[in-house]
Amino acid sequence: QVPLVESGGGLAQAGGSLRLSCAASGITSSTYAMGWFRSAPGKEREFVGAIKWSTGTTYYADAVKGRFTISKDNTKNTVYLQMNSLKAEDTAVYYCGVRSSFSYALTDARRYDNWGQGTQVTVSS
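We now turn to the structure provided with this report. (Residues numbered from 1 in each chain as written. Predicted model: local features only at pLDDT ≥ 70, side-chain atom pairs only at ≥ 80, totals over all residues. Heavy atoms only, no water.)

1. Brief notes about the nonpolar core
Okay, so step 1: Of all hydrophobic cores here, the largest spans 34 residues; its most connected members are L4, M34, W36, F68, L81, M83 and Y94.
Okay, so step 2: Put simply, the parts of the chain that give this core at least two residues each are β3 (18-24), β4 (33-39), β5 (46-52), β7 (68-73), β8 (78-83), β9 (92-99) and β11 (119-124). (Core = buried A, V, L, I, M, F, W, Y, C linked by side-chain atoms within 4.5 Å. Buried < 20%, exposed > 50% of the residue type's maximum accessible area, 1.4 Å probe, protein only. Helix = DSSP H or I, 4+ residues; strand = E, 2+ residues; numbered from the N terminus.)

2. Remarks on the pairing of β9
Okay, so step 1: Counting buried positions over the eight residues of β9 gives seven, a clear majority of the element.
Okay, so step 2: Across seven bridges, β4 lies against β9 in antiparallel orientation. Across the sheet, residue A33 finds its bridge partner in β9, namely R99.
Okay, so step 3: Bridge analysis of β9 against strand β10 (residues 114-115) gives two bridges, and the strand direction is antiparallel. By the bridge assignment, V98 is partnered in β10 with N114. (Pairing = 2+ DSSP bridges.)

3. A word on the state of the cysteines
Okay, so step 1: With the rule as written, the count across this model stands at one disulfide.
Okay, so step 2: Covalent S-S linkage joins C22 and C96, the inter-sulfur distance amounting to 2.0 Å. Because the torsion about its S-S bond is 65°, the bridge between C22 and C96 counts as right-handed. Taken as a pair, C22 in strand β3 and C96 in strand β9 lie far apart in primary sequence, 74 residues in all. Judged on exposure class, the residue C22 and its partner C96 are both buried. (Disulfide = S-S within 2.5 Å.)

Okay, here's the thing in structure tokens:
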């Protein structure tokens with residue numbers, strides 16, 4: 001498994017920005033993608049976005065499209081989630097995940113091999 005360490009969560013005001021990082025030690029040629037998901041109290045883990053490791057192609061949930069941006073630094077094996085124009089409904093614990101399987105949709109959390117510890121994002125309105 002690829003260990004993942006997240007950082008960057010915290011408190012922001014509505015309309016503000018935060019950037020999350022996910023450092024992955026052990027990225028290999030078999031790594032297919034890394035994704036960001038979030039869990040709010042009483043809700044299931046929700047897909048936020050993902051990036052294919054080899055191509056850098058990104059995908060986003062409709063709820064965050066145009067506000068959030070995923071990028072990666074190959075030299076640091078780190079993926080970033082830049083969150084702008086934050087809304088109260090973005091409040092959640094954010095998790096990054098890594099997957100080697102290219103089967104099934106990137107939105108399917110069950111297909112991810114390992115997860116970070118999660119980082120809390122709280123947006124005040």
